[in-house]
Amino acid sequence: YEVDLTISPVIETLRPAETTTLEAISDALVSQIDSTLSNPSILEEMGNEIKAESADSSVAEELSSIDVVDFVQGETSVTATGTATGAGPCNLCNAGEIGLDKGILFNGAQTSCPEVYRFLATQSEAGSDSCTAGKEALRTECCMRKCDLCSGGGIPDWYSMVNVNGNSMTCLELDAIVADSEIQNGSDQCSQLLEIAAPACCYEPPSKPCNMCQNDSEYNDVMTSVLIEYGGTTATCGQIFNTLFSREEHDSETCSLIKQDLSSQCCYNKCSLCGALQTNAALSVVHDETQLGCSEFDSYIFASNLVEEGSNECQAFQDEHRENCCYDISCSLCAKGNDIYTTKETSVVQYSGTEVACAEVANFLYQQEMSQGNACLAAQENIFSDCCFQQCELCEAGASINWAAATTFNGQSQSCTDVYWILVSESVEADTPTCSGLSQVSQDCCYEIPSQQCTLCKDGNGVTYNTRWNKDVTVNGITKSCGDFNTLLATQEDESQTCSMAKDEIYDDCCFAGSDTLVAIGNQASTDSDAPCSLCQPGQIGVSGDIVFNNNPTTCEEVYNFLIDSFQESSTTCKSAQVNLSEDCCRERGKLSPSDVPAFGGDSTADSDGESNAGQGSITAEKAADELPAGKVTPPT
């Protein structure tokens, strides 16, 4: 009988901490297993479990009288298996495909697709030969790409209602019916379905959403649960608000019309505990004998009870808790609502009867006044327009700057980085002609962040390698560094054609695993042998020179002797030394410079004109070659 016993990694008996070495843990586990299997009641349970598991089987009768007696316990040991990092289970269908329920022949036997799914998932690993063979043979039979409701574009709204053949259902329910009915993508049935369902189930998110409860710069809150009738349909204000916010632009006719019709029924000015002050979200107070966080009044109490600003109820909350929950911050001259504007540092204004630069006023107010103080509010009212401006933004909200891209600005070719700093350093305002004329520049410099960015040095299995950031490579006649191309590709989707083409062109030049030293070592693997390590390659000549090896100053000759005595050609130390020191210590035959002094290796006594002393593989100081061990040199003293 084989016992499959799982031990929790947290074992009380392993304390104190100073004894929890790997050996101590193993000893404790073995001791616990031995103790458990020595218990007679445990052995009786084992016998009963064997009988129960074999019930109704062909061996049930034979096992009916089994008892565990005279149990002899063998040796218990613990084996470290490490963390599971292998491949996942084999999946017959690719991502985006669904499995079909149909009968097929598999390995000469009649079976079904679901049986094959289960067999491969439990018996094969992804990427194994059996998994690959099974997919090649049966994927087209057992898998299909389901009709995608939003294949024509847009984001699915799964809880939107759609009417198909007189039946009203959510888009999520319709998608489940499509899967159960095995409606294939690209089929006539799919095309007919998309004509009906796509407009209701798919939408393009607006660039600036419609907020039903916003009028000019005033933001009110929606009464989420209030039921209203509109356009012959009953819905909650929350449902209408969410539909408009996800589908309508703020300046659309639909948005304006519904604001006029429904804002008075669905929107209210919610009570704010702190108003223009800041809320101390880390603090709690007691209200009606209940401990509440200061931020919970606005987010929960007022919202769920529709407590309106200016009401007696709101005033009572503010009187009781504002002093404890709210605080003020330093005055910011160029703050308005939730927006922060840029200060015109050198502009001069009249302040307190004196002409002062805006930068000085802003600094004084920040240091001396609070945001809700009379002096701060008065300054914002009187000199805001003279001292503050909205900075011209190169990219719209939600977009990012492609710093490595190039564009044309002011008639000159410039990087997007340079254009950005020009706009900042020259304080270009948002409403100027210069800013308004940046549409082409924005197209060149701005991008929407991809859902899955292209990474130059990430392979098809999701493994990311190192990048040779400063190496120049050429793609389509354009030469840039690998780092610049990596930045440019980050603006593209991982599965885009641009990403794929760029990787095909420059992946091998720009990407490597580990260090360049390890790559070179790997490239020399085919020359591995058990011969003693030679610092220089066959045919090269070793020269005298001072170097650093293993972080210590030494010479080429000393390293040569150390390697040839201690390491084989196939060792990592040997290959690492060859890669890192060959430039300083080794020369090609016939290419010695006047300053090079031959010291070791093949034909090391050859003159720079190419003459050699046959049979002499090294040079020595004051000793003949035949007095030294073969292949070893003694450095000159």
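Shown above is the structure to which this text applies.
Every chain is numbered on its own, with residues counted from 1 as its sequence reads. At least 70 in pLDDT is required for a residue's local features to be given in this predicted model, at least 80 for side-chain atom pairs to be given and counted, and no such filter applies to totals for whole chains, interfaces and linings, which use all residues. To obtain the side-chain values, all non-hydrogen atoms of the structure were used and water was disregarded.

Draft legend 1. Main features of the state of the cysteines. Note on terminology: pairs of cysteine sulfur atoms within 2.5 Å are recorded as disulfides. Applying the stated criterion across every chain yields a total of 24 disulfides. Shown here is the disulfide that connects cysteine 171 with cysteine 201, its sulfur atoms set 1.9 Å apart. Taking the sign of the S-S torsion, about -90° here, the bridge from cysteine 171 to cysteine 201 comes out left-handed. With cysteine 171 in helix 6 (residues 171-180) and cysteine 201 in helix 7 (residues 188-201), this residue pair connects regions lying 30 residues apart in the sequence. Using a 1.4 Å probe on the protein chains alone, a residue whose accessible area is under 20% of its type maximum counts as buried, one over 50% counts as exposed, and one in between counts as partly exposed. Judged by its relative accessible area of 1%, cysteine 201 falls in the buried class. Between the sulfur of cysteine 331 and that of cysteine 376 lies a disulfide, 2.1 Å long from S to S. Taking the torsion about the S-S bond as the criterion, the cysteine 331 to cysteine 376 disulfide, at about 80°, is right-handed. With cysteine 331 in the loop between strand 18 (326-327) and strand 19 (335-336) and cysteine 376 in helix 13 (residues 374-387), the pair connects residues that are 45 residues apart, well separated along the chain. Each helix is a run of DSSP H or I of at least 4 residues and each strand a run of E of at least 2, with the numbering of both proceeding from the N terminus.

Draft legend 2. Spatial organisation of the environment of valine 349. Of note, valine 349 is situated in strand 22 (residues 348-351). Given the relative accessible area of 6%, valine 349 is considered buried. Taking the C-alpha atoms as reference points, valine 349 and isoleucine 383, 34 residues apart in sequence, are found 7.3 Å from one another. Working rule for contacts: check all heavy atoms of both residues, and any pair within 4.5 Å makes them a contact. Apart from the residues within four sequence positions on either side, valine 349 is in contact with Thr354, Glu355, Val356, Cys358, Val361, Ile383, Asp386 and Cys387.

Draft legend 3. Seen up close, the packing of aromatic side chains. When two rings of Phe, Tyr or Trp (its six-membered ring) have centres within 6.5 Å they constitute a pair, described as stacked for plane angles under 30 degrees, edge-to-face for angles over 60, and tilted for the intermediate range. Scanning the model with the defined rule gives eleven aromatic pairs in all. A centroid spacing of 5.2 Å and a plane angle of 75° characterise the contact between phenylalanine 302 and phenylalanine 317, whose relative ring orientation is edge-to-face. Here the residue phenylalanine 302 occupies a position in helix 10 (residues 296-305), and phenylalanine 317 occupies one in helix 11 (residues 312-325), the gap between them amounting to 15 residues. The class of phenylalanine 302 is buried, set by a relative accessible area of 0%. Residue phenylalanine 317 is classed as buried on the basis of its relative accessible area of 8%. When the centroid spacing of 5.1 Å and the interplanar angle of 80° are considered together, the rings of tyrosine 420 and tryptophan 421 count as edge-to-face. Following the ring pairs from residue to residue traces out a cluster consisting of Phe297, Phe302 and Phe317.

Draft legend 4. Fine view of the sheet that holds strand 36 (residues 586-587). Paired strands are those between which DSSP finds at least two bridges. Spatial ordering of the open sheet is given by 36-33-37, a layout of three strands whose pairing is antiparallel. Either end of the sheet is taken by a strand with one partner, and the two such strands are strand 36 and strand 37 (598-601). Bridge count for strand 33 (residues 541-543) against strand 37 is three bridges, and the pairing is antiparallel. Residue pairing for strand 37: glycine 542 is matched across the bridge by phenylalanine 600. Structural elements are reduced to axes, namely lines fitted to C-alpha atoms, with helices fitted over the stretch in contact, and the angle between N-to-C directions of any two is expressed from 0 to 180 degrees. Those strands touched by helix 20 (residues 556-566) are strand 33 and strand 37, and its axis lies near 15° from that of strand 37.

Draft legend 5. Expanded view of the pattern of salt bridges. Salt bridges are identified by distance alone: a Lys or Arg side-chain nitrogen within 4 Å of an Asp or Glu carboxyl oxygen. As enumerated under the stated definition, the model contains nine salt bridges in all. Between glutamate 115 and arginine 118 there is a salt bridge; the shortest N-O distance is 2.6 Å. Highlighted residues: glutamate 115 and arginine 118, both in helix 4 (residues 113-123), separated by three residues, approximately one helical turn. Among the salt bridges present, the one from lysine 270 reaches aspartate 221, with a minimum N-O distance of 3.7 Å. Taken together, the residues span a long stretch of sequence, with lysine 270 in the loop between strand 14 (267-268) and strand 15 (278-279) and aspartate 221 in strand 11 (residues 221-222) at a distance of 49 residues. For aspartate 221, a relative accessible area of 31% gives the class partly exposed.

Draft legend 6. Layout of the side chain of serine 481. Inspection of the secondary structure puts serine 481 in strand 31 (residues 478-481). Residue classification places serine 481 among the buried residues on the basis of a relative accessible area of 14%. The term polar contact refers here to a pair of N or O atoms within 3.5 Å; inside protein, the definition further demands a hydrogen-donor-capable atom paired with an acceptor-capable atom, and it admits residues adjacent in sequence only when both atoms are side-chain atoms. Of note is the side chain of serine 481, whose polar atom sits 3.5 Å from the backbone oxygen of tryptophan 469. Here serine 481 is in contact with Trp469, Asn470, Lys471 and Asp472, once residues within four sequence places are set aside.

Draft legend 7. Seen up close, helix 18 (residues 497-510). Expected helix span is given by 1.5 Å per residue-to-residue step, counting one fewer step than there are residues. Compared with the 20 Å implied by 1.5 Å per residue over 14 residues, the 19 Å span of helix 18 between its first and last C-alpha is a close match. Along its length, helix 18 reaches its greatest deviation from straightness, about 50°, at aspartate 504. Of all the residues in helix 18, the buried ones are Cys499, Ala502, Lys503, Ile506 and Cys510. Against strand 29 (466-467), strand 30 (472-475), helix 17 (482-489) and strand 32 (511-512) lie the buried residues of helix 18. Bending is quantified residue by residue as the angle between axes fitted to the seven-residue window ending at that residue and the seven-residue window starting at it.

Draft legend 8. Representation of the environment of threonine 487 in the model. Secondary-structure assignment places threonine 487 in helix 17. Looking at threonine 487, the relative accessible area reads 33%, which means it is partly exposed. Sequence separation of threonine 487 and threonine 455 is 32 residues, and the distance between their C-alpha atoms is 8.6 Å. Setting aside residues up to four positions removed in sequence, threonine 487 forms contacts with Asn402 and Ala404.

Draft legend 9. Structural detail: the pairing of strand 13 (residues 233-236). Bridge count for strand 12 (residues 227-230) against strand 13 is four bridges, and the pairing is antiparallel. Residue isoleucine 228 lies in a different strand from strand 13, and its bridge partner there is alanine 235. Linking two consecutive strands that pair antiparallel, namely strand 12 and strand 13, is a turn of two residues; a positive phi of about 65° is found at glycine 231 within it.

Draft legend 10. Focus on unusual backbone geometry. We note that asparagine 410 has phi near 55°; this positive angle belongs to a residue other than glycine. Position of asparagine 410 relative to the elements: it lies in the loop between strand 26 (406-409) and strand 27 (412-415). A residue is classified by how much of its surface remains accessible, and asparagine 410, at 60% relative accessible area, is exposed. For serine 427, which is not a glycine, the phi torsion comes out positive at approximately 50°. Looking at the element boundaries, serine 427 is found in the loop between helix 14 (416-425) and helix 15 (433-436).

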